[in-house]
Amino acid sequence: MNVLIINAGSSSLKYQLFDMNTEEVAAKGVCERIGIGGHLKHTPVSNGKPVFDEDIPLPTHSEAISAVLDKLTGAEYGVVSSLSEIGAVGHRVLHGGQSFSESVLIDDDVIRAIEDNIPLGPLHNPANLMGINACRSEMPGVPQVAVFDTAFHQTMPEKAYTYAIPYSYYEKYNVRRYGFHGTSHRYVSAEAIKMLGGRAEGTRVITCHLGNGSSIAAVKDGKCLDTSMGMTPLEGLPMGTRSGSIDPAIIEFVANHEGLTREEVFDVLNKKSGVLGISGVSSDFRDIEAAAEDGGNPLSRRARLALDVFRYNVAKYIGSYVVTLGGVDAIVFTAGLGENSADLREAVVSRLGGLGVSIDKEKNKTRGKLLDITGEGSSARVFIIPTNEELVIARDTKSIVEA
Ligand code: AMP
């Protein structure tokens, strides 16, 4: 079976077509500037056909899906001969709220539940729905599956997801911790459990998804017990441009002193904070690492501080999740930064010396490959596990459609 994976944003739509016999990507691409022009980059992977990379009119997500299907099935850039060869579609959906603890076949009730969760994911859920509705109209009869970023974290106990604010806000508006990157935490924790011997029972794994957005999860017996992101992806670690957790009183203080509206303060916390805000250099850790090393750069000290704040907070969360889990058997580094930055991994693990965790510095120099980098005598294993959220979505879609 071929499975099409869709990740729809408000003006973009990323896709991958998986051949599920081999679990290989047959083609991938991205539509950009939907509604404000349009651009499609389509890359056939399986057969060496040329890349399509051009501006084309994409007034809505429906035209975007139609253009993608056209490229996937056409003679010049295609990887399948007709639409009938696409057996199912899997959609990444940001916020499942309390409605979904696993992936589901999409029907009218599921669409309504995703709509009901729009207040919790106001930017993403409407865009995800546009992708779903476009596929339903362009590919009638093809089963569609929704895979939620929040689903894996639904096993968190009440004490981990309840905020210490009036309980009526939870009762009335479902204000609680949900957590994100769930598909990634689920995939890498399952891979870590395989490396620990394969039995989930009794395992205690801390998964660090460190990229442009970052979150950490505490996983016991293969189930999430706690995670650093909250009701929205703004809580937890400092990130590329997001503040992560701060004293809530700062919001009113900054609004008063800078003369900003509530929306403007949240724009600062989402887009101008994190390591970008501290360093003044960039949101990309590669630029910050380079500036930190460059003594001639006037922002070098702030770049070093940004890295220090980030690494300190990663270590602090790991330490607190050792308490949550009652110990730790494996720590996993994944996503753009976790997989690729040896400096980050070394700096984080060096702060865990009090827990008896260490890495092998030579093995740690590896980038982007699955690897056990545990140091000699370490009290817990340390793994680099490249994440693959798209493959999880494709696998869930196939198994739900075939069930
Ligand atoms: P992601 O959001 O998972 O795609 O991760 C993207 C981020 O990973 C980038 O913004 C970089 O900050 C970081 N990154 C990727 N490669 C490297 C690298 N070789 N060294 C340091 N950071 C990296």
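For every chain, the first residue of its written sequence is number 1, and the numbers climb from 1 along that sequence. pLDDT decides what is reported in this predicted model: residues at 70 or higher carry local features, side-chain atom pairs at 80 or more are listed and counted, and totals for whole chains, interfaces and linings draw on all residues regardless. As a rule here, side-chain values come from all non-hydrogen atoms in the structure, and water together with hydrogens is ignored.

A word on the side chain of Arg345
Rule in force here: Secondary structure counts use DSSP, requiring at least four H or I residues in a row for a helix and at least two E residues in a row for a strand, with both numbered from the N terminus. Each polar contact in these results corresponds to two N or O atoms within 3.5 Å; when the atoms are within protein, one needs to be able to donate a hydrogen and the other to accept it, and residues that are neighboring in sequence are counted only if both atoms are side-chain atoms.
Relative to the helices and strands, Arg345 is located in helix α13 (residues 342-350). Separated by 2.9 Å, the side chain of Arg345 and the backbone oxygen of Glu339 make a polar contact.

So, the pattern of salt bridges
Put simply, the rule reads: Any Lys or Arg side-chain nitrogen found within 4 Å of a carboxyl oxygen on Asp or Glu counts as a salt bridge. Three exposure classes are used, based on accessible area relative to the maximum for each residue type with a 1.4 Å probe and protein chains only: buried under 20%, partly exposed in between, and exposed over 50%.
Going through the model one piece at a time under the given rule, you end up with 20 salt bridges. In this structure, Lys194 and Glu191 form a salt bridge, with 2.9 Å as the shortest nitrogen-oxygen distance. With Lys194 and Glu191 both in helix α6 (residues 182-195), this residue pair falls three residues apart, about one helical turn. By relative accessible area, Glu191 is classed as buried at 14%. Between Arg381 and Asp372 there is a salt bridge whose closest N-O contact spans 3.0 Å.

Some remarks on the packing of aromatic side chains
Put simply, the test is: Planes of paired rings set the category: under 30 degrees apart is stacked, over 60 is edge-to-face and the rest tilted, where pairs are Phe, Tyr or Trp rings (Trp by its six-membered ring) whose centres lie within 6.5 Å. By the criterion adopted, a ring carries a charge over it if an Arg CZ or a Lys NZ lies within 6 Å of its centre and within 35 degrees of its normal.
In total, this model carries seven aromatic pairs according to the counting rule given. With a centroid separation of 6.1 Å and 45° between ring planes, the pair formed by Tyr161 and Tyr170 is classed as tilted. Side by side, Tyr161 and Tyr170 carry an identical accessibility label, which is buried. Here a set of aromatic residues connected by ring pairs shows up, and it is made of Tyr161, Tyr167 and Tyr170. Here the guanidinium or amino end of Lys71 rests over the ring plane of Phe52, the centre of that ring lying 4.3 Å away. Taking the ring centre of Tyr161 as reference, the NZ or CZ of Arg176 above it sits at 3.6 Å.

Here we look at the sheet that holds strand β10 (residues 214-220)
Rule in force here: Following DSSP output, two strands are said to pair if at least two bridges run between them. The contact rule is simple, with two residues in contact once any of their heavy atoms fall within 4.5 Å. Axes here mean lines fitted to C-alpha atoms, for a helix over just the part in contact, with angles spanning 0 to 180 degrees between N-to-C directions.
Spatially, the six strands line up as an open sheet ordered β11-β10-β9-β12-β14-β13, and their pairing is mixed. Either end of the sheet is taken by a strand with one partner, and the two such strands are β11 (223-227) and β13 (371-372). Of the strand pairs in this sheet, strand β9 (residues 204-210) and β10 are connected by seven bridges, and their pairing is antiparallel. The partner of His209 across the bridge, within β10, is Ser215. Helix-sheet contacts for α6 involve β9, β10, β11, β12 (330-334), β13 and β14 (381-384), and the interaxial angle to β9 is about 135°. Sheet strands in contact with α13 are β9, β12 and β14, and its direction is about 150° off that of β12.

Brief notes about the sheet that holds strand β5 (residues 52-55)
One open sheet accounts for eight strands, arranged β5-β4-β3-β2-β1-β6-β8-β7; its pairing is mixed. Each edge of the open sheet carries a strand with a single partner, namely β5 and β7 (104-105). Inspection of the sheet shows strand β3 (residues 24-32) paired to strand β4 (residues 39-44) by six bridges, in the antiparallel sense. Looking at β4, one finds that Cys31 is bridged to Leu40.

Observations concerning the site of the ligand
Rules: Any residue with at least one heavy atom within 4 Å of a molecule or strand is counted as near it. The accessible surface values rely on the Shrake-Rupley method and a 1.4 Å probe; as for residues, cover is taken only from the protein chains in view.
Inspection of the region around the ligand gives Gly211, Asn212, Asp284, Phe285, Arg286, Glu289, Ala335, Gly336, Leu337, Asn340, Ser341 and Arg367 as its neighbouring residues. Asn212 is positioned such that a nitrogen or oxygen atom in its backbone is 2.9 Å from an oxygen atom of the ligand. Contact between the ligand and Gly336: an oxygen atom at 2.8 Å from a main-chain N or O atom of the residue. Notes on the ligand: free accessible area 500 Å², of which the protein chains cover 76%. When residues of the shell around the ligand are traced back to their parent elements, those giving at least two are α10 (285-293) and α12 (335-340).

Here's the deal with the packing of helix α1 (residues 61-73) against helix α3 (residues 124-138)
Put simply, the test is: Convention used here: angles under 35 degrees read as roughly parallel, angles over 145 as roughly antiparallel, angles from 65 to 115 as roughly perpendicular, and any remaining angle as oblique. Each crossing gets its handedness from the near helix: less than a right angle anticlockwise from the far helix is left-handed, clockwise is right-handed.
Two numbers describe how α1 lies on α3: the axes approach to 8 Å, and their chain directions differ by 55°. In terms of orientation, α1 lies oblique with respect to α3. In this structure, α1 meets α3 at a crossing whose hand is right-handed. In this structure, α1 uses His61, Ser62, Ile65, Ser66 and Leu69 to contact α3, whose residues at the interface are Ala127, Met130, Gly131, Ala134, Cys135, Ser137 and Glu138.

What about the pairing of β11?
Put simply, side chains in a regular strand alternate between the two faces of the sheet. Of the pairings in the sheet, the one linking β10 to β11 comprises four bridges and is antiparallel in character. Of the residues in β11, the one forming a bridge with Lys220 is Lys223. Linking β10 back to β11 in an antiparallel pair, the connection comprises two residues, with Asp221 at a positive phi of about 55°.

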